[in-house]
Structures are given as structure tokens and as C-alpha cells.
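Single-letter residue listing:
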Amino acid sequence: MNSQRLYLDHNATSVLSERVDLKAMPMANPSSVHASGKLARRKMNEVRDFLYSTYSLKENEFDLFFHSGATEGINTVVKGMAFAATREKKTMTFFTLGSDHSCVANQEGFLKLLGHDFKILPVLKSGLLHEDEAIKEIKACQSEVILINWTWVNNETGVVQELSALEKLKERCLGQEVFFHVDAVQAAGKIEQWRELSSQADAYTFSGHKFGALKGSGFTFLRSKLNHCPLLNGGGQQGAKRSGTENTWGILSLKMALEDLKENYQFKAQQEAKEWFEARLKEELGDKGEIIAEDSPRNGQTIYFLFHEVAAQSAAMVFDMAGIDLSNGSACSSGAVVPSRALLAMGYNEDQAKSALRLSFSWKFNLEEAQRVWEHFSAPLKRLLS
Ligand SMILES: Cc1ncc(COP(=O)(O)O)c(C=O)c1O
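Residues numbered from 1 in each chain as written. Predicted model: local features only at pLDDT ≥ 70, side-chain atom pairs only at ≥ 80, totals over all residues. Heavy atoms only, no water.

Q: Help me get a handle on the packing of helix 1 (residues 35-54) against helix 7 (residues 248-264), residues and values and all.
A: Interhelical geometry of helix 1 versus helix 7 gives an angle of 40° and a closest axis separation of 9 Å. What the angle tells us is that helix 1 and helix 7 run oblique. The hand of the helix 1/helix 7 crossing is left-handed. In contact with A40, K43, M44, E46, V47, F50, L51 and T54 of helix 1, helix 7 contributes T248, I251, L252, K255, L258, E259 and K262. Within the contact of helix 1 with helix 7, the residues separate by chemical class into 8 nonpolar, 2 polar and 5 charged. (Axes fitted to C-alpha atoms, helices over the stretch in contact; angles between N-to-C directions. Helix = DSSP H or I, 4+ residues; strand = E, 2+ residues; numbered from the N terminus. Parallel < 35°, antiparallel > 145°, perpendicular 65-115°, else oblique. Left-handed = near helix turned anticlockwise from the far one by under 90°. Contact = heavy atoms within 4.5 Å. Nonpolar A, V, L, I, M, F, W, Y, C, P; charged D, E, K, R; others polar.)

This is the structure:
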């Protein structure tokens, strides 16, 4: 919260960690051979070591490359695998969930251009994958390369799809080799197990600005043995996985922000605060609205709810005028009202999918903060419901 606005949109972008210190960052190009360049490279390598150890992954099993954020990371994984399949004259199918982020969902056109396939797996009302139906579709798939996107924590609903499910899914797809990419963007600072990756996944993508690092920074772990072509070709930086001068400031900020999280994140306090807030919201909504995916496994800081009789756009305007920043799940980047894809995938109708609002709190959210937020939030809410 700053003096003018109450910011409740941390799933869109979170506040910069206080640990991010631009003065502590070397400015030279890490490819330069002079001492300043070498210092920048050394600092960048420290971040690499830190990430491998933070996520308990082995350097001989996973490559790590930095990029500008998850949109680039995910495009690199999907398109890179598609190019590699094309090179080997193989066909590929990319499976996603209807509730996945648009940077996952919007791969269809490109994949089809290369003669590959794109399929959407069914989602239950709970926001979780409809596993039985999904297995049927995957088993019926004739492609030689199968890539499945697994969104760990959904950005709209906060629904958590446990990584432990991957092993079972792989077992059930016996006979078919499937690769998993985990969209881990909304995990750090939002779930207790944010560092506990699964050995079953083949790629993980993260975005810095979601957990307190600088915008324009992110990273992907990619299983080394995976057939993959780089998306960006050029000077061969980062082992040619992602050419282009590295964004050293962004990269260094990843470590600073994650160190802060590692030391200070208190999931239980965050979750308790969210539950306190959500109970009040639910009581106030009564039969005029509902909490989405209320009984599903959810993260510690996202509340997605809908009004039965108020359009989210008008509600968002009321909150905006009251100084509160929150997300209208049905707004697209141009601001136009489109139904939320996540809600449509979960079986809500178009009107409902245009009536949801998302509150997402910071990783430092606690009971005291929840009470303070409620004081400001409840007045416009009551006006909307009256
Ligand atoms: C789950 C998820 N995946 C991918 C992205 C894309 O991240 P970025 O906008 O940082 O590229 C987002 C951003 O909101 C997200 O929430």
C-alpha cells in the first residue's frame, strides 16, 4: 500500500524487493574481456549457481538460460521443441489447459504453421485438470513428440496443481513419451513448496517481476537431453541457448529478490491473512456473489470472486475510483472486456466469465495488513452490493 493507492494486483506484477540494489550491480557487458566485463560475468555466474542450488537442480541435467520473462521463456521452450521436431521430421502436439496463461494458449497458430498440433485439455469446475479425459486424449495422440504445459499455480484463480501429479500422469500415459513444461511463474512467494520442483518435469519457467525482481528478467531450466533449437540466434551467449547481451541488472535482481523470499517468506501467515479476508468477503457477498474454486487447493494470496449481478468492469471502476488497484479477470491487454478464459474453461458461462474480480496480495501479506486492507475495501464493496 502506498499513500495514494491500495495495490492488490501482485499476480500482475509485484513490488520490487527492498534487497534489489542497483548501485551494487556491475554495468559492463559480461562478454567483455576486460576486468569489468569479467566481474559482470562472475556475478552472473553466482546467480546461476544460486538458482541451481535454490531449486535443487543439477547442472549436468538441466540447462539454465536467462530471458526477458515468462512470455519469452515459454515461447522459447514450445517453439524450440517444435523446430527441433521439424528438423527431425517428427510431428509434435502441444497440450495446454483452457485456463493456462495466454502466452501458453496462443501457440496454436505458430504450431500449425509448422504442421504440428495444438490441443486443449479439459478442466473441471474446481480449476483442476480433468485427468481421466486428459489421459484419453493424450493416449489417442499419434504425434511422436508430446509436450504438456503444466501451470503450477493459476494466475487468475490461484488454483494449485501439485507437481506430484506429474508422476502419476506419466505412469498413466505408459507407452507414450510425454514431456512436461511447468509454468512456475506464480509459485514463488505464493505457495509453501515454491522451491520443491519435480524430477518428472523437463522444463520450468519463471518471471522475475512476479516475485520482486526487475521487470524484463526471467529464467528457464531446460532438461539438457531435450531436443531443442534456440529461439534467438546471434552472438551465442548463454551457450547459444539465448543469444543477446545478458540483462545483468535483471539477472542479479533475481538473486536479490529470491534471497529475500527465502529468508522472510512466511506462507502460514500469508494464508491465514487471506483466509481471514476471504471469510469477510464471502459473508459480505452472501448470495450476491461467490468465491471461485473455493474448495480447491489454492495459493496463499489470491482471491478470485464473481458478482452475480454486477459486471466486473463496473465493479472494477468503483474500486479504482476508491483508490484500489485490482484485476478484472475479463480485461484483455487492450482493456476490452472479454470473458475470462480460465472461467470459461471451468464451465462458467460468458456472463459469469465477465463478472469476476481478482485480488492478489504480496508475499508479505499478514493479518495486520489484511485488516487494514479490509477497512478500505469493504466500503466500496458494500456500495456495490447495496
Ligand atoms: C501463469 C503465468 N504464466 C506466464 C505469464 C507471462 O509472464 P510475463 O508477462 O512476465 O512474460 C504470466 C504473467 O502474468 C503468468 O501469470
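Q: Any details on the packing of aromatic side chains? Residues and values, ideally.
A: Under the criterion given, the structure shown has 20 aromatic pairs. Across the ring face of Y348, the terminal group of K125 is positioned such that the distance to the ring centre comes to 4.3 Å. If you follow R195 out to its NZ or CZ, it ends over the ring of W194, 5.6 Å from the centre. (Phe/Tyr/Trp six-rings, centres within 6.5 Å; stacked < 30°, edge-to-face > 60°. Lys NZ or Arg CZ within 6 Å of the ring centre and 35° of its normal.)

Q: Got a sec to walk through unusual backbone geometry? Specific residues and values, please.
A: At A240, a residue that is not glycine, the phi angle is positive and equals roughly 65°. Looking at the element boundaries, A240 is found in the loop between strand 8 (218-223) and helix 7. Unusually for a residue other than glycine, A293 sits at a positive phi of about 55°. Relative to the helices and strands, A293 is located in the loop between strand 9 (289-291) and strand 10 (302-307).

Q: Can you lay out the sheet that holds strand 9 for me, pointing to particular residues and giving the numbers?
A: Across a sheet, strands are paired by hydrogen bonds formed along the backbone, either parallel or antiparallel in direction. On the basis of which strands lie adjacent, the open sheet formed by 4 strands has the order 9-10-13-12 and antiparallel pairing. A single partner strand is all that each edge strand has here, and the edge strands are strand 9 and strand 12 (327-328). Relative to strand 13 (residues 356-360), strand 12 runs antiparallel, the two being bridged by 2 bridges. Bridged to N328 within strand 13 is L357. Where helix 8 (residues 267-285) meets the sheet, it contacts strand 9, strand 10 and strand 13, and its direction lies at approximately 5° from that of strand 10. (Pairing = 2+ DSSP bridges.)

Q: Describe helix 9 (residues 312-321), listing the residues and the values that go with them.
A: For an α-helix, the turn length of 3.6 residues means that residues three or four places apart are oriented alike. Among the residues of helix 9, A312, A315, A316 and F319 are the ones counted as buried. Along the axis of helix 9, the buried residues cluster in a sector spanning 100°; they form a single face. In this structure, helix 9 carries M317 and M321 as exposed residues pointing more than 90 degrees from its buried face. The elements touched by buried residues of helix 9 are strand 10, strand 11 (324-325), strand 12, strand 13 and helix 11 (367-385). Once helix 9 finishes, G323 follows within two positions and takes phi at roughly 85°, a positive value. (Buried < 20%, exposed > 50% of the residue type's maximum accessible area, 1.4 Å probe, protein only. Arc of directions from axis to C-beta.)

Q: Tell me about the pattern of salt bridges, residues and numbers included.
A: Scanning the entire structure with this criterion turns up 25 salt bridges. E131 is the salt-bridge partner of R172, the closest N and O atoms lying 3.1 Å from each other. Taken together, the residues R172 in helix 6 (residues 165-172) and E131 in helix 5 (residues 131-140) connect sequence positions 41 residues apart. Of the charged contacts in the structure, one is a salt bridge between K255 and E259, with a shortest N-O distance of 3.1 Å. On the criterion of helical spacing, the pair formed by K255 and E259 is a turn pair, its members being 4 residues apart in helix 7. Residue classification places E259 among the partly exposed positions, given a relative accessible area of 24%. (Salt bridge = Lys/Arg side-chain N within 4 Å of Asp/Glu carboxyl O.)

Q: Describe in detail the site of the ligand, supporting the description with residues and values.
A: Taken together, the residues surrounding the ligand are G69, A70, T71, H101, C103, N155, D183, V185, Q186, S207, H209 and K210. Contact distances for the ligand include 2.6 Å between an oxygen atom and a side-chain N or O atom of T71. Taking S207, its side chain carries an N or O atom lying 2.6 Å from an oxygen atom of the ligand. Burial of the ligand by the protein amounts to 87% of the accessible area it has alone, namely 390 Å². (Near = heavy atom within 4 Å. Polar contact = N/O pair within 3.5 Å; in protein donor to acceptor, adjacent residues only side chain to side chain. Areas by Shrake-Rupley, 256 points an atom, 1.4 Å probe, with all protein chains shown as cover.)

Q: Describe the packing of helix 9 against helix 11, and please don't skip the residues or the numbers.
A: Relative orientation of the contacting elements helix 9 and helix 11 amounts to 140°, with a least axis distance of 10 Å. Between helix 9 and helix 11, the angle is such that the two are oblique. The two elements helix 9 and helix 11 meet at a crossing, and its hand is right-handed. Contact with helix 9, carried on its side by A315, V318 and F319, involves F377, P380, L381, R383 and L384 of helix 11 and no other residues of that element.

Q: Describe in detail a nonpolar patch on the surface, supporting the description with residues and values.
A: Taken together, the side chains of L22, M27 and W249 present a nonpolar region at the surface, about 340 Å² in accessible area. Within the element layout of this structure, W249 appears in helix 7. (Patch = residues over 30% accessible without salt bridge, like charges linked within 9 Å, V, L, I, M, F, W, Y side chains within 5 Å.)

Q: Could you give an account of the pairing of strand 6 (residues 178-183), naming the residues involved and the relevant values?
A: In terms of burial, strand 6 is a largely internal element, 6 of the 6 residues being buried. As judged from the 6 bridges shared by strand 5 (residues 145-151) and strand 6, these two strands associate in the parallel manner. From the neighbouring strand, L147 faces strand 6, where its bridge partner is F179. Considered for its hand, the β-α-β crossover made up of strand 5, helix 6 and strand 6 is right-handed. As paired strands, strand 6 and strand 7 (residues 203-207) are joined by 3 bridges and run parallel to one another. Paired with D183 across the two strands is T205, which belongs to strand 7. (Right-handed = clockwise from strand over helix to strand, strands pointing away.)

Q: Mind laying out helix 7, listing which residues take part and the relevant values?
A: The end-to-end C-alpha distance of helix 7 is 24 Å, a good match for the 24 Å that 17 residues give at a rise of 1.5 Å each. The complete set of buried residues in helix 7 reads T248, G250, I251, L252, S253, L254, M256, A257, L258, D260 and L261. Contacts from the buried residues of helix 7 go to helix 1, strand 2 (62-67) and strand 8. (Expected span 1.5 Å × (residues − 1).)

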